[in-house]
Amino acid sequence: MKKTKRMKKFQGGFTLIELLIVMVILGLLAALVAPRMFGKVGGAKQKSAQAQISMFGTALDTYRLDVGKYPTTEMGLEALRQQPGDVEKWDGPYLPKDVPKDPWGNPYEYRCPGEHGDYDLISYGADGQPGGEGEDEDVVSWKNIGD
């Protein structure tokens, strides 16, 4: 009987010191790893915007092959989903779903004719303003990220 009481006495779990040490170690790991992970999120959003701009470019080129010209700035990217009233030979929709917003929740800017080519497609990045660096850098149709 003495043996069972003694065993129950020592089965108390972790001490407060042990728990505090584990919490400190977890806090240090989180402090080291979290900033690196959040940095990857911004880069992933920029790559996603670049992929969407590339998809729009393919749809715009297909539109031009059918209609003979790119949609005007006034028509916008919606011309890839719904036939503009005065456009003949439209054979869309050229996008499978509605025109998405950029990864930061802002609409893409479309200009035709563009300053850098037949058309310009722009996402203004996290800040939603022209220019910027890092996650605020503009993602555009005429160059790749980081160029």
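Residues numbered from 1 in each chain as written. Predicted model: local features only at pLDDT ≥ 70, side-chain atom pairs only at ≥ 80, totals over all residues. Heavy atoms only, no water.

Q: Let's hear about a nonpolar patch on the surface: which residues, and what values?
A: Together, I17, I21, V22, M23, I25, L26 and L29 make up an exposed nonpolar region whose accessible area comes to about 690 Å². When you line up the elements, M23 lands in helix α2 (residues 16–67). On the accessibility criterion, M23 (56% relative accessible area) is exposed. (Patch = residues over 30% accessible without salt bridge, like charges linked within 9 Å, V, L, I, M, F, W, Y side chains within 5 Å. Areas by Shrake-Rupley, 256 points an atom, 1.4 Å probe, with all protein chains shown as cover. Salt bridge = Lys/Arg side-chain N within 4 Å of Asp/Glu carboxyl O. Helix = DSSP H or I, 4+ residues; strand = E, 2+ residues; numbered from the N terminus. Buried < 20%, exposed > 50% of the residue type's maximum accessible area, 1.4 Å probe, protein only.)

Q: Give a detailed account of the environment of F56, specifying residues and quantitative values.
A: Its location among the elements puts F56 in helix α2. As for F56 and V99, which are separated by 43 residues in sequence, their C-alpha atoms are 8.9 Å apart. In this view, F56 contacts L77, L80, L95, V99, P100, Y108 and L121; residues no more than four positions away in its chain are not counted. (Contact = heavy atoms within 4.5 Å.)

Q: Just give me the short version of the pattern of salt bridges, but keep the residues and values in it.
A: According to the stated counting rule, one finds three salt bridges in the structure shown. Where R81 meets D98, a salt bridge forms, and the shortest distance between an N and an O atom there is 3.5 Å. Of this pair, R81 sits in the loop between α2 and β1 (109–111) while D98 sits in the loop between α2 and β1; the two residues are 17 residues apart in sequence, bridging distant segments of the chain. Overall, R81 belongs to the partly exposed group, its relative accessible area being 23%. E115 serves as the salt-bridge partner of R111, at 4.0 Å between the closest nitrogen and oxygen. Given a relative accessible area of 23%, R111 falls into the partly exposed group. When salt bridges that share partners are traced, they join E109, R111 and E115 into one network.

Q: Which residues make up the nonpolar core, and what values do they have?
A: Among the nonpolar cores identified, the biggest contains 22 residues, and L60, Y63, L77, L80, Y110, Y119 and L121 are the most heavily contacted of them. Discounting residues that sit within four places of it in the chain, Y110 has contacts with L60, Y70, P71, T72, T73, G76, L77, Y119, D120 and L121. (Core = buried A, V, L, I, M, F, W, Y, C linked by side-chain atoms within 4.5 Å.)

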